[in-house]
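Spelled out from the first residue to the last, the chains are:
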Amino acid sequence: MFGLRAHSASLSPALATAGSAEDAEAALTPWRALDGWVARPRSPRSVVIGLSLYLAVAANWPLWNELARIGGAPSVYLPLIALMSLLVVCGMVAVLSFTAWTRWMKPLWFGVVVLAAVAQHYMLTYHVVMDPTMMANALQTDANEVQDLLSWRMLFNVLWVVALPAWALWRVRLVPAPPLSQLWRNLALLLIVAAVAGAGAFAMNRQLAPLMRNNVHLRYMLNPLASIYSTTATVVKPMFVHGRKLIPVTGGTVLGASYANQARPPLFVLVVGKTARADHFGLNGYARNTTPELAARHVLSYRDVRSCGTHTLASVPCMFSPLSKDAFEAREDEFENLMDVLQASGLAVLWLDNQASGCKGVCDRVPHASAFDRLDPALRSTLCDADACLDDVMLHGLDERIAALPAERRRKGIVLVMHQMGSNGPAYYKRSSTDVKRFMPECRTNALAECTHSELINGYDNSIAYTDRFLGKTIDWLKGKSGTFDPSLLYVSDHGESLGEYGLFLHGLPYGFAPDVQKRVPMVVWFGGGMIERDKLSRPCMESGLDKPLTHDNLYHTVLGLLDVQTPTYIPSLDALAGCRGPAAAASG
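Conventions we followed
- Residues numbered from 1 in each chain as written.
- Predicted model: local features only at pLDDT ≥ 70, side-chain atom pairs only at ≥ 80, totals over all residues.
- Heavy atoms only, no water.
- Helix = DSSP H or I, 4+ residues; strand = E, 2+ residues; numbered from the N terminus.
- Salt bridge = Lys/Arg side-chain N within 4 Å of Asp/Glu carboxyl O.
- Buried < 20%, exposed > 50% of the residue type's maximum accessible area, 1.4 Å probe, protein only.
- Disulfide = S-S within 2.5 Å.
- Patch = residues over 30% accessible without salt bridge, like charges linked within 9 Å, V, L, I, M, F, W, Y side chains within 5 Å.
- Areas by Shrake-Rupley, 256 points an atom, 1.4 Å probe, with all protein chains shown as cover.
- Phe/Tyr/Trp six-rings, centres within 6.5 Å; stacked < 30°, edge-to-face > 60°.
- Lys NZ or Arg CZ within 6 Å of the ring centre and 35° of its normal.
- Contact = heavy atoms within 4.5 Å.

1. Let's talk about unusual backbone geometry
- Note that the residue after Asn223, namely Pro224, is joined by a cis bond; omega there is 5 degrees.
- Assignment of secondary structure puts Pro224 in the loop between α10 (205-214) and α11 (225-236).
- Cis geometry is found at the peptide bond from Met440 to Pro441, where omega equals -5 degrees.
- Inspection of the secondary structure puts Pro441 in the loop between β10 (414-419) and α19 (453-479).

Given below as structure tokens:
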């Protein structure tokens, strides 16, 4: 009896172990079945179809949300979602049919999934669309700006989309086939999905045509089709334009009569702002006093100025061009710009950049420098972090930079362009120093969805307050030069910014339907006494014109008029100060 009990007891652990193993085996069975099903040999075309179906479901939530918003009622938007799903799947299958081969395609397919995941993250987080201008802006983004866009939320959002197809692509086995067989099957697949998409679009044309005509942005929300198209357009297009000629516009450029017997040469500073909104300047009536330093220096602030574009790559070259916005965008050749004309006149010219991405080609033919190159380590530790430097860095070593310009040109006059970091987002909190952070608490992350609206506004307004102080310091530096120069300053931002209005963030939307806050920019001018006398400027006249509509088109002609640079491309009617300059204006003022 005891022996039987002992024997039974000795069997109990073994039975328990066996039971646990069976339970574990049972738990693993569904996973193994799924893994076995995924790992089955398949044709590249079946993988392409499965991948397209997955991306339509997992990577197009911005599109479905937008269709629901536009449609309003489920009876309206659900058929639209069904139709757009069909078009997305057919479109993806059509694109990927060119990659439906058995060798070396898995990395490419995985790259498409990653592209779709990243694009969806930014569309959901910042409510942008993946049009060619946005992709061009993204491709021009430097490493520091990329770091500002990275976050744990982004990692989660990307992994959520990528994990399943990554595992499936790793496990699936592709059935080998002769190249000719693969070719005709791929062509057949392409024709079939084209026919299906055409039939669907034709059947619902009554709903589809007005939807796409009235909501052009939807075509840039088809993910990842829009990203693939826009990236291709951005990368391929320049390959066909490097034959563009550079059209000279500097012929006949001379300095005007004011230089003949000048007591002091002009010293003109043009500050190109970054991502500043006109309606967040206290000078323009904003409820918060974000610009006390500029107000104390009695500057003139123009309140109705519109930009050339909604991102730096479009705006900066356009604002320095002799062409209007429309002509600039339609040009087939490149043209010399304001910097070329100023240099051709004989003035000393310097472009100083606090943007790692540079001047977008505007300063290529004139002296230019990066503000943070060869920076003293102690100063770097004070004004810079691992990503970027505060704009005050441009004020250090200015005298030495100017002294290095040719003496003959300096005797005629100096033009200094300062390209700001400004209010570049989404990490607005990095664009201001601790001593100007008056609006608290501020958003301390680049994942804007994690912040309240008031924290977001506080961070942005602190960046405007820092620009205000930077401009105040620049004016004070200019005042210190009044004994040897006739100083003046003009500040204008490249574009504005969305801060949650209509659910939009950042900038870069296509100009035609971008909100005004991305296009209305601040423009401020300050003149020292010597410059007022030199140009015979009437302050009452200038004050009376602060509400007149202006655009970036006016910058080229206003600067030439202010500096009395005579050139055939100057158009007086586009000079914002033409009517307030000269003996007659001074007498009436």
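Read on, since the account is not over.
2. Considering the pattern of salt bridges
- Counted under the stated rule, the structure contains 24 salt bridges.
- Lys536 is paired through a salt bridge with Glu533; the nearest N and O atoms lie 3.4 Å apart.
- Using a relative accessible area of 30% as the deciding quantity, one classes Lys536 as partly exposed.
- A salt bridge links Asp575 to Arg581, with the nearest nitrogen and oxygen atoms 2.5 Å apart.
- In this structure Asp575 comes out as buried when scored by relative accessible area, which is 5%.
- Each member of the salt-bridge network shares a partner with another, and the members are Asp392, Asp435, Arg469 and Lys473.

3. What to know about the state of the cysteines
- In this structure the tally under the stated criterion is five disulfides.
- Disulfide partner of Cys384: Cys389, at an S-S distance of 2.0 Å. Taking the torsion about the sulfur-sulfur bond, which here is approximately 100 degrees, the covalent link between Cys384 and Cys389 counts as right-handed. Cys389 shares its class with Cys384; the two are buried.
- Between the sulfur of Cys443 and that of Cys451 lies a disulfide, 2.0 Å long from S to S.

4. What about a nonpolar patch on the surface?
- A cluster of nonpolar residues, Trp61, Leu124, Phe156 and Trp160, forms a patch on the protein surface that exposes about 460 Å² of accessible area.
- Its place among the elements puts Trp61 in helix α3 (residues 61-71).

5. A look at the packing of aromatic side chains
- Throughout the structure, instances matching the rule amount to four aromatic pairs.
- Ring geometry for Phe281 versus Tyr491: centroids 6.0 Å apart, planes at 15 degrees, classification stacked. Of this pair, Phe281 sits in the loop between β5 (266-273) and α12 (292-296) while Tyr491 sits in strand β11 (residues 486-493); the two residues are 210 residues apart in sequence, bridging distant segments of the chain. Each member of the pair, Phe281 together with Tyr491, is buried.
- Centroid distance Phe320 to Trp351: 5.4 Å. Interplanar angle 55 degrees. Geometry classified as tilted. Of this pair, Phe320 sits in the loop between α13 (312-319) and α14 (325-330) while Trp351 sits in strand β8 (residues 348-353), and the two are 31 residues apart along the sequence.
- Overall, Trp351 belongs to the buried group, its relative accessible area being 0%.
- The ring of Tyr511 carries Lys325 above its face, with NZ or CZ at 3.9 Å from the centroid.
- One Lys or Arg, Arg534, reaches over the ring of Tyr259 and ends 4.7 Å from the middle of that ring.

6. Considerations on the environment of Ala371
- Relative to the assigned elements, Ala371 resides in the loop between β9 (368-370) and α16 (377-383).
- By relative accessible area, which is 2% here, Ala371 ends up buried.
- Spatially, the C-alpha atom of Ala371 lies 5.4 Å from that of Asn354, the residues being 17 residues apart in sequence.
- Setting aside anything within four residues of it in sequence, one finds Ala371 in contact with Leu352, Asp353, Asn354, Val393, Met394 and Arg401.

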